[in-house]
Amino acid sequence: MKCLRVGAAVSAVALGLLAGCGSTDVIDASGVPRLRASHAADSADGKARTVPPRGPRSTFLPYRTTGDDGTQVVRTRWHGRKSGFTGNIWAWVPPQYHQPEYARSGFPVLIALPGSYGYPSNYWAGAQIALEERIAEWSEQGKTLPFIVVMPVLNPAKKYHDGSDIPGRPKMGTWLTEDVPEFARANFRTYSSRDGWAFMGSSSGGFAALKAVLTYPTRFKAAIVNGPDTVPDSPMWRGHPDEMRANDPRHLARLLAARQGPQVHLAFELGGREKAVPDVKRFIRDYTGGPIRTTLFEIPDGGHSAHTYMRRMADSLHWISEQMRGPVPSA
C-alpha cells in the first residue's frame, strides 16, 4: 500500500510548511466524557507499580515550549542496546508530572509513531499538530490520562522497515518495542506492568503500532491505529517469506486469538476519503474479536493526514485511557 505512505509523505511536507505557526485545527472534544473515577495504579493489587527512572539519564535539548507552565518537547539521541540502532527521540511529560502531589507516582507512556518514513523527524513533536497541548488540555479536564509521550524516529534514512527486524537490516522492530521503552524507563517514572504502556501511529507508523501490540501483548496493552497499512509490504522482505509472515498483523491476530489472550485494545481512526478504508474494515471484521477489543472512529470527510486523525484523537485517547492506569496523588 505504498499509496498510503506517499499520501503520508505529502502530508508531512505540508506540515513542514506550517512549522512555527501553531495548530489551526478546530477540534471539538466537548462530547468526550470524563474518565471513570478509578485508575489507581499504585494500589496493592500488584497490577502496576511505579518504577523510578533507572538511568542512564539522557541529555536533552529543548525542541519547543508547549505551555505557559514551562512544559517542553525535548530531543535526544539514544543508542539502542538491543537493536544496535542509534536515533533521535523526542519526549514530553505532562504538567502533572512535575506537580508535588504526583512526585512519587508513575505515568502511562504513549509511544507515538508518524507516517511516511518518520525520518529524520517525528511530526507528532511539532507545533503544527500540537498533540502535547491537546493532551495537557484533555487530561486537565479529566477526559484522558496525562500520558508521557515518547516520539522516536521510525526508520533509518528513507526506507520502509515495517517496524520489523528484517533479516540483514537494522533491527527496527527491536528498536521500537525494546529500546524505546528502555529509554522511557531510563528517564521517567513509569509503570511496571503493561497497564501503563501504549502505542499510537499513523499510516506506516500505524502498521508498526498495530504489530507491536499484537506481537507483545504482555508488554503493551493498547494502541491507537490511524489509517494503517494492515500487511507488511516493504520491498526489503524479498527473499524472506517466513519472516514476513511472522510480522503480518493478520497472522499475529490469529495467534493471539488462539491463545485466548491477553486482551488488547485497539482504537482505529479512518478518514472517509482514505484508500485504506476497505482494508482496515476487512481487518477489523476478519481478524479481531475475542481478546482483541476494538473500536472504530470514522471521520467522514477526512483524508490521510495527521490533521484528520487529531479530530478524533480525544475520543481515541479517552477509549484507551479507560483501559489503562493513571497517576495517583500522594496520600
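Everything numeric here is computed off the predicted structure, so don't read it as measured data. (Residues numbered from 1 in each chain as written. Predicted model: local features only at pLDDT ≥ 70, side-chain atom pairs only at ≥ 80, totals over all residues. Heavy atoms only, no water.)

A. Local environment of the side chain of N226. Within the fold, N226 resides in strand β9 (residues 222-226). Residue N226 is classed as buried on the basis of its relative accessible area, which comes to 0%. (Helix = DSSP H or I, 4+ residues; strand = E, 2+ residues; numbered from the N terminus. Buried < 20%, exposed > 50% of the residue type's maximum accessible area, 1.4 Å probe, protein only.)

B. Structural context of the packing of aromatic side chains. Enumeration according to the criterion identifies 14 aromatic pairs in this entry. Ring centres of F183 and F188 lie 6.0 Å apart, and the angle between their planes is 85 degrees; this geometry places the pair in the edge-to-face category. The exposure classification of F183 matches that of F188, with both residues buried. On the numbers, 4.9 Å between centres and 75 degrees between planes, the contact of F199 with F220 is edge-to-face. Highlighted residues: F199 in strand β8 (residues 197-202) and F220 in the loop between α4 (204-215) and β9, separated in sequence by 21 residues. Members of the aromatic cluster, each reached through a chain of ring pairs, are F60, W78, Y97, Y102, F107, F183 and F188. When the ring centre of Y97 is taken as reference, the NZ or CZ atom of R189 above it lies at 4.0 Å. The ring centre of Y216 lies 3.9 Å from the NZ or CZ of R219, which sits over that ring. (Phe/Tyr/Trp six-rings, centres within 6.5 Å; stacked < 30°, edge-to-face > 60°. Lys NZ or Arg CZ within 6 Å of the ring centre and 35° of its normal.)

Any functional reading would require information beyond the geometric quantities listed.
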